[in-house]
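Residue-level structural notes
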Amino acid sequence: ENDAAEELYRRVRTLEPRQTLAMDQYANILGEAHKPTELSELTDSLLQTDDESPEAWTCLALYHKYQRGDRDVTNALKFVEKAIALDQRHAYAHYVRGKILLEEHRPEYAAVSFFRANELHPAIATYEGLVDAYLAASKEKEAIAAAKEVYNLAPRDPRTMTLVGLALAQGSSAQAKRSLSKALALSPAFARPLFCLVEIHRQEREYDICISLLQEALE
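Residue positions are counted from 1 within each chain, in the order its sequence is given. Totals for whole chains, interfaces and linings use all residues, but because this is a predicted model, local features are given only for residues with pLDDT of at least 70 and pairs of side-chain atoms are given and counted only at 80 or more. Side-chain metrics rest on all non-hydrogen atoms present in the structure, leaving aside hydrogens and water.

**Here's the deal with the packing of aromatic side chains**
Going by this rule: Ring pairs are drawn from Phe, Tyr and Trp, using the six-membered ring of Trp, whenever the two centres fall within 6.5 Å, and their geometry is named by plane angle: stacked under 30 degrees, edge-to-face over 60, tilted for the rest. To qualify as a helix, a DSSP run of H or I must reach at least 4 residues; to qualify as a strand, a run of E must reach at least 2; elements of each kind are numbered from the N terminus. Working definition: with a 1.4 Å probe on protein chains only, accessible area under 20% of the residue-type maximum means buried, over 50% means exposed, and in between means partly exposed. Distance and angle both matter: a charge sits over a ring if NZ of Lys or CZ of Arg is within 6 Å of the ring centre and within 35 degrees of the ring normal.
Under the counting rule described, the total for this entry stands at 4 aromatic pairs. For the pair tryptophan 57 and phenylalanine 79, a centre-to-centre distance of 5.8 Å together with 35 degrees between the ring planes defines the contact as tilted. Of this pair, tryptophan 57 sits in helix α4 (residues 54–65) while phenylalanine 79 sits in helix α5 (residues 70–86); the two residues are 22 residues apart in sequence, bridging distant segments of the chain. Neither tryptophan 57 nor phenylalanine 79 differs from the other in exposure class; each is buried. Ring centres of tyrosine 92 and tyrosine 95 lie 5.4 Å apart, and the angle between their planes is 35 degrees; on these two criteria the pair is classed as tilted. Within this pair, tyrosine 92 and its partner tyrosine 95 are both found in helix α6 (residues 91–103), separated by 3 residues, close to a single helical turn. Looking at tyrosine 92, the relative accessible area reads 15%, which means it is buried. The rings of Tyr92, Tyr95 and Phe114 are connected pair by pair, giving a single aromatic cluster. Sitting above the plane of the tryptophan 57 ring, lysine 82 keeps its charged end 4.8 Å from the centroid.

Take a look at the structure:
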């Protein structure tokens, strides 16, 4: 719920303007919301407050990540690596590094970063990155193992069911369909399991089911 999270982070900044804890996660929300001015202001403020905090440099990395130029990608990696150098145990910096590497089509390196982030602080978002990286690197067995691991952590979360379905879709469409259908039953507006399920049925030429699923989602 990014809108609600953004408002809460903004209130924290008002009450504690020198707070750095978790502000890199706030920066990511601003980047996803396409608010470069606010992201720039947050980054400048954090660097002025404490230029030795990993959060400040992760924010700077995110600022460049969301600019999306070749030079910006280079800077994004450079700054997130500086954040990691300042604190090897800062899980979110490893996660951001993994996201950047995955977007740059370097899935095997991305998987290493996501794996390290999970060692430090297991999170569903990090497992999503890890499964995506394994699938992009054609490591289906590793993807299935990671998906099942996070499912055991949160068996009632539609995101973990989706990850199991995505991983299984490479080999067992029946099992994948069951997991994705469960995810949709829990969260009918969740787009990722919907489109993955539609794609499996499309590949099997079950076009009536595709149409039915999409119509239900629109409704």
